[in-house]
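# Structural characterization, general
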Amino acid sequence: MAEGSGSTEGKTIYVTLTGLPLSILLEWPFHKSTSGADFWVLHADVRLEGSEGLHAPVAVNLSATLREVLPSLEPKDVLSPVINALRKEVDKRQVEFVKSGKLVPVHFSSRHYDFGRNQWMFGKASDETIALFLERKIYWQTKLVGGDVWLGDATEAQYLQSTTDHLVEIAIQLAGRGLIKLARRYATAEPALMARAEEFESAAEAALAELEKKHAFERG
């Protein structure tokens, strides 16, 4: 199973909290590390959509501690948290986008999981943050892929530490402001939302500039 193939048909755009539109190709399955270390590896390619071929080839390294709480390493059990762990690394500017590059390790570990509550933890988003996130998601999905945008995705709810029901509640507010039409958890962008292209694309450019500045500083 893979997300984000070369074709745009059926592609899901995963927007980060900083406003970057990503597609993510996952090369299933996880396999045991051949280095002798006690972890499992999944190769992935995180693509910055709307750019001229910028991407980040990464190796998702699943720790033994986290492996113990997972029902399996099949996509049905780990697809969402893997995608969200990758998004969080982009949020924290730990992933560098290049036109070509070597594989970069990304730690998929217990820092993303609350063992006391038995749930994934990627950071609780406020309603204001969720509203902006949905505006950006609907804009980028509409621009890059087209069609209606599904808002019942549990992966998005997990990333925002919310529920799909609450995301729809926020989406209803966006519909009330004339930004989208909403039917059965599918959103259709209205002209008022698409007219804010400069705002959304400027946010993505600023986020990418900050990310690139960090990596340039680290390289000296």
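Look a little higher up for the structure.
Residues numbered from 1 in each chain as written. Predicted model: local features only at pLDDT ≥ 70, side-chain atom pairs only at ≥ 80, totals over all residues. Heavy atoms only, no water.

Let's shift gears to the overall build of the chain. A count of helical and extended segments in the chain gives 7 helices and 10 strands. Over its C-alpha atoms the chain spans a radius of gyration of 17 Å, differing by no more than 12% from the 17 Å that the globule rule assigns to 220 residues. The C-alpha extent of the chain, read off along each of the three principal axes, is 55 × 40 × 30 Å. Out of the 220 residues belonging to the chain, those deemed buried represent 49%. Excluding contacts between residues fewer than 6 apart, the proportion of contacts in the chain whose partners are at least 24 apart in sequence is 63%. Split by element, the accessible area of the chain, about 10,700 Å² in all, is 51% carbon and sulfur. With 25 positive and 30 negative side-chain charges, the chain shows a spacing of 2 Å between the two charge centroids. (Helix = DSSP H or I, 4+ residues; strand = E, 2+ residues; numbered from the N terminus. Rg over C-alpha atoms; globule rule 2.2 N^0.38 Å. Buried < 20%, exposed > 50% of the residue type's maximum accessible area, 1.4 Å probe, protein only. Contact = heavy atoms within 4.5 Å. Areas by Shrake-Rupley, 256 points an atom, 1.4 Å probe, with all protein chains shown as cover. Lys, Arg positive; Asp, Glu negative; His and termini not counted. Charge placed at Lys NZ, Arg CZ, Asp CG, Glu CD.)

So, about the packing of aromatic side chains. Summed over all chains, the structure comprises 9 aromatic pairs. Residues Tyr113 and Trp120 carry aromatic rings whose centres are separated by 4.9 Å and whose planes lie at 80° to one another, so their mutual orientation is edge-to-face. By relative accessible area, which is 13% here, Tyr113 ends up buried. What makes Trp120 buried here is its relative accessible area of 16%. Taken together, a centroid distance of 6.3 Å and an interplanar angle of 15° make the contact between Trp120 and Phe122 stacked. We note that Trp120, like Phe122, is buried. Through pairs of rings, three or more aromatic residues link up here, namely Phe108, Tyr113, Phe115, Trp120 and Phe122. (Phe/Tyr/Trp six-rings, centres within 6.5 Å; stacked < 30°, edge-to-face > 60°.)

Spanning 13 residues, helix α5 (residues 164-176) covers 18 Å between terminal C-alpha atoms, matching the ideal 18 Å at 1.5 Å per step. Of the positions making up α5, those classed as buried are Thr164, Leu167, Val168, Ile170, Ala171 and Leu174. One face of α5 carries all of its buried residues, which in axial projection span an arc of 160°. Check the buried side of α5 and you find it contacts α3 (127-144), α4 (154-159) and β9 (180-183). Gly178 occupies a position one or two residues after α5 and carries a positive phi of about 80°. (Expected span 1.5 Å × (residues − 1). Arc of directions from axis to C-beta.)

A general feature of soluble globular proteins is that nonpolar side chains tend to end up buried together. Of all hydrophobic cores here, the largest spans 63 residues; its most connected members are Leu26, Phe30, Leu86 and Phe97. Sequence-distant contacts of Phe30, defined by excluding residues within four places in its chain, comprise Trp40, Val41, Leu42, Val60, Leu62, Leu73, Val78, Val82 and Phe108. (Core = buried A, V, L, I, M, F, W, Y, C linked by side-chain atoms within 4.5 Å.)

A few words on empty space enclosed by the protein. Here the structure, examined in full by the defined rule, presents 1 cavity of 30 Å³ or more. As a volume, the largest cavity reaches approximately 40 Å³. A total of 3 residues in the lining of the largest cavity trace back to one element, the largest contributor, which is α3. Grouping the constituent residues of the lining of the largest cavity by class yields 5 nonpolar, 1 polar and 3 charged. (1 Å grid on protein atoms, 1.4 Å probe; cavity = no way out; pocket = protein on both sides within 12 Å on 5 of 7 lines; lining within 4 Å. Points joined across faces, edges and corners; volume = space filled by probe spheres on them. Nonpolar A, V, L, I, M, F, W, Y, C, P; charged D, E, K, R; others polar.)

We now examine the pairing of β9. As paired strands, β9 and strand β10 (residues 186-189) are joined by 4 bridges and run antiparallel to one another. When the bridges of β10 are listed, Ala183 appears paired with Tyr186. Where β9 hands over to β10, the hairpin turn is made up of 2 residues, of which Arg184 adopts a positive phi near 50°. (Pairing = 2+ DSSP bridges.)

Let's shift gears to unusual backbone geometry. Here the residue pair Trp28 and Pro29 is connected by a cis peptide bond, since its omega of 5° sits within 30 degrees of zero. Tracing the sequence through the fold places Pro29 in strand β2 (residues 21-32). Its identity as a non-glycine residue notwithstanding, Arg185 has a phi of 70°, on the positive side. Looking at the secondary structure, you find Arg185 in the loop between β9 and β10.

A word on the side chain of Glu89. Here Glu89 is to be found in helix α2 (residues 75-91). With sequence-adjacent residues up to four places away left out, Glu89 is seen in contact with Gln94, Val95, Val106, Arg111 and His112.

With that settled, the discussion passes to the sheet that holds strand β8 (residues 149-150). Strand order in the open sheet formed by 3 strands is β8-β10-β9, with antiparallel pairing between adjacent strands. Since the sheet does not close on itself, it has two edges, and those belong to β8 and β9, each with one partner.

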